[in-house]
Amino acid sequence: MALSKIISNVQLICEAIASVVNIDVTIVDHERVRLAGTGRYRDSIGEKVNENSAFSYALRESLGFIIENPGEHQACTNCDCKEKCNEHAEVCCPIRVDGKTVGVIGLIAFKEDQRQALIKNQENLMSFLDRMADLIASKLKEYESHEAIELLAKELEVVFESIDTSLIACDKMGKILRVNRKFKRAFGVENIENLDELLYKRELTYLLNMKENSKNHFQTFKNGLQGIFDVSLIKVQQAIKGYIITIKTLEEVMSTVNDMVLDSPSTGFDQIIGNSKAMTQVKDLAQKVAGSASTVLILGESGTGKELFARAIHYSSSRQSFPFVAINCAAIPDQLLESELFGYEEGAFTGAKKGGKPGKFQLANRGTLFLDEIGDMPLHLQAKLLRVLQEKRIDRLGGSGAIEVDVRVIAATHANLEEKVNEGTFRQDLYYRLNVIPLNIPPLRERKDDLMLTANHLISKWCSKLLKPLPKMSDAFRGALLLHEWTGNVRELENAVEYAINVCEGDVLEIWHLPKRLANIQSTSDYQNSEVLSPSSVESLSINDWLMPISKIEEKAINVALTFYGCSGEGLEKAAKSLGISRATLYRKIK
């Protein structure tokens, strides 16, 4: 606490004391700065008094005293002016605030009659000065309290305005005292005077009769916005004086839900494994169209990574900071799919949740909606989806009005949609609306160049997950992977790798570490080296597992060798040697 904060009050009190005692008065603060003075001290206001003066002694000892004979009092012991002091008497009275000395009131007599007056009335004088010191202390505390309240009010105002939630402060009758900037932006208003401009009568009456804090009230406000509001009571000595209302619009609530539940690590095209020509072409096209708002149709067999491409497109677009929402149209019963996509209002059907529920289109607002297995969507919903794609607005079940949405749709299917159009199970107009930018993802069996690259990645992934050391692949293990058709694509390959890592106990992945269906393939192409199979796996094989046309065995063996060693001159030499034939024979068989 500093007396300088109330310097004008200090000067007034200083002059009041002087008018009563008819003696020059000065007041110094805890740093010995003269803050006020009368008479000859008026011109020295703002200067520091000597550090060896009686004022310093009074500050240090926090004592009040009268010096009747200057130079002889203990306070004068170290005074620089002790030998040439022109004072006849002096009075010092400390000013204390909460036990701390913050200044000193000083009275100085420069005449003998003034000295006599001080000595004669010293008891009354000290009592009077103590009261004046208390008055100064109370003024300082009052100023500090006012300053603290003012600072607190400013802090609350800053918080009120800067918080990213719509806030309303109102009295107990519903008269609005204050709204923050977020509320004005969200509701598009500059001024609002009463809650009845925002809430319908039933909800307003309910709110103004609340006796406890309440949360999560779903509401359709008078301006058409929907949202959730919380109410906190303002109480003074248990009496309700008003309310603080916080509002989150439906869009803000859904954004929060998306961040907590729907969000997933961002996926880039560099995370899609594959360097083959076919895969590179697909990735290049997907990157080109990522920034577009056009609908993308991803075609490919199950397990080829259609959702991975959809995510990469989303996270490479300008919508990347908004939700990516995926829904499998084949996994949800027809009667539920409509409510999942478009949402519903309260009371729309038996069992509908109180307050209704937003659909995936609303959850994906300003982001991307991935409709997987679009070919399995029922016809009646196809018409509704087409309307949404064209008009950019949805109708919730049981709703009375359309809701605008800004969503980019990426669809995917393993089915031949053209055949479905011809069969009449898929709308032709929707097919053309979806098939603006088609992406055909090649199956794994058509890009053997990517097979081992993908396998290595999956082995590293599952070793890390299962906390196992990274093993090597034996030739037999590689051969089995290369020979298999992989009808389940990458998903099937990952399943096989996960199994192999779980059962492998050494530092080499062998043929018998694979699921039985893959180990059987190796036996047909390399039956002469059947010692690579474990005894149990050999006994479990049937005659059909071993027998196939010689030409088919040759074809598969040559394909494996070429994939493994490559088609360079050196690679062909190694391939021929591993197959036990001459290089010329290999050329002939390839032809």
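Structure: see above.
Residues numbered from 1 in each chain as written. Predicted model: local features only at pLDDT ≥ 70, side-chain atom pairs only at ≥ 80, totals over all residues. Heavy atoms only, no water.

(A) Just the sheet that holds strand 4 (residues 89–97), in detail. Strand order in the open sheet made by the five strands is 2-1-5-4-3, with antiparallel pairing throughout. Looking at strand neighbours, the two that pair on one side only are strand 2 (34–37) and strand 3 (65–67), the edges of this open sheet. Sheet twist, expressed as the mean angle between neighbouring strand axes with direction ignored, is 20°. Inspection of the sheet shows strand 3 paired to strand 4 by three bridges, in the antiparallel sense. Across the sheet, the residue bridging to Ile66 is Val91, located in strand 4. Along the sheet, helix 3 (residues 112–120) makes contact with strand 3, strand 4 and strand 5 (100–109), crossing strand 5 at roughly 130°. (Pairing = 2+ DSSP bridges. Helix = DSSP H or I, 4+ residues; strand = E, 2+ residues; numbered from the N terminus. Axes fitted to C-alpha atoms, helices over the stretch in contact; angles between N-to-C directions. Contact = heavy atoms within 4.5 Å.)

(B) Highlighting the environment of Val231. With respect to the helices and strands, the residue Val231 is situated in strand 9 (residues 226–236). Among the residues examined, Val231 registers a relative accessible area of 1% and is labelled buried. Expressed as a C-alpha distance, the spacing of Val231 and Ile244, which sit 13 residues apart in the sequence, is 5.9 Å. When residues no more than four places from it in sequence are discounted, the contact partners of Val231 are Leu207, Met210, Asn213, Ser214, Tyr243, Ile244 and Ile245. (Buried < 20%, exposed > 50% of the residue type's maximum accessible area, 1.4 Å probe, protein only.)

(C) The packing of helix 1 (residues 7–21) against helix 4 (residues 122–162), seen in detail. Contact geometry for helix 1 and helix 4: axes closest at 10 Å, N-to-C directions at 165°. Classed by the angle they form, the pair helix 1 and helix 4 counts as roughly antiparallel. Here the hand of the crossing between helix 1 and helix 4 comes out right-handed. Facing helix 1, whose interface residues are Asn9, Val10, Ile13, Ile17, Val20 and Val21, helix 4 presents Leu125, Phe128, Leu129, Met132, Leu135, Ile136 and Lys139. When grouped by side-chain class, the residues that make up the contact of helix 1 with helix 4 number eleven nonpolar, one polar and one charged. (Parallel < 35°, antiparallel > 145°, perpendicular 65-115°, else oblique. Left-handed = near helix turned anticlockwise from the far one by under 90°. Nonpolar A, V, L, I, M, F, W, Y, C, P; charged D, E, K, R; others polar.)

(D) Fine view of the sheet that holds strand 8 (residues 214–220). The strand order across the open sheet formed by five strands is 7-6-10-9-8, and the pairing between neighbours is antiparallel. Two strands bound the open sheet, and with one partner strand each, they are strand 7 (176–179) and strand 8. When strand polarity is set aside, the average angle formed by the axes of neighbouring strands in this sheet is 25°. One ladder, built from ten bridges, connects strand 9 with strand 10 (residues 239–249); its direction is antiparallel. Bridging across to strand 10, Ile228 finds its partner in Lys248. Its contacts with the sheet put helix 4 on strand 6 (166–171) and strand 7, and the angle it makes with strand 7 is roughly 70°. Packing against the sheet, helix 6 (residues 201–208) makes contact with strand 8, strand 9 and strand 10, and its axis sits at approximately 130° to strand 10.

(E) How the structure looks around empty space enclosed by the protein. One pass over the full model with this rule turns up one cavity of 30 Å³ or more. Its boundaries defined by the atoms lining it, the largest cavity holds a volume of some 40 Å³. Lining the largest cavity we find Phe361, Val388, Leu389, Lys392, Val405, Val407 and Val409. A class-by-class count of the residues in the lining of the largest cavity yields six nonpolar, no polar and one charged. (1 Å grid on protein atoms, 1.4 Å probe; cavity = no way out; pocket = protein on both sides within 12 Å on 5 of 7 lines; lining within 4 Å. Points joined across faces, edges and corners; volume = space filled by probe spheres on them.)

(F) Representation of the packing of aromatic side chains within the structure. Within this structure, the stated rule accounts for eight aromatic pairs. Between Phe324 and Phe370, the aromatic rings sit 6.3 Å apart at their centres with planes inclined by 20°, giving stacked as the arrangement. With Phe324 in strand 12 (residues 324–328) and Phe370 in strand 15 (residues 368–372), the pair connects residues that are 46 residues apart, well separated along the chain. Phe370 matches Phe324 in its accessibility class, with the two residues each being buried. When the ring of Phe342 is compared with that of Phe361, the centres are 5.6 Å apart and the planes differ by 5°; the resulting orientation is stacked. Highlighted residues: Phe342 in helix 10 (residues 334–342) and Phe361 in helix 11 (residues 360–363), separated in sequence by 19 residues. For Phe342, a relative accessible area of 0% puts it in the buried group. Members of the aromatic cluster, joined through ring pairs, are Phe183, Phe187, Phe221 and Phe229. Just above the ring of Phe110 sits the side chain of Arg40; from NZ or CZ to the centre is 3.6 Å. When the ring centre of Trp462 is taken as reference, the NZ or CZ atom of Lys465 above it lies at 4.7 Å. (Phe/Tyr/Trp six-rings, centres within 6.5 Å; stacked < 30°, edge-to-face > 60°. Lys NZ or Arg CZ within 6 Å of the ring centre and 35° of its normal.)

(G) Molecular detail of the packing of helix 10 against helix 12 (residues 379–391). At their nearest, the axes of helix 10 and helix 12 sit 10 Å apart, and the two run at 10° to each other. If you check the angle between helix 10 and helix 12, you find them roughly parallel. The element helix 10 and its partner helix 12 pack so that their crossing is left-handed. Each of Asp334, Leu337, Glu338 and Phe342 in helix 10 lies in contact with helix 12, whose residues at this interface are His380, Leu381, Lys384, Leu385 and Val388.

In short, geometric facts, not functional conclusions.
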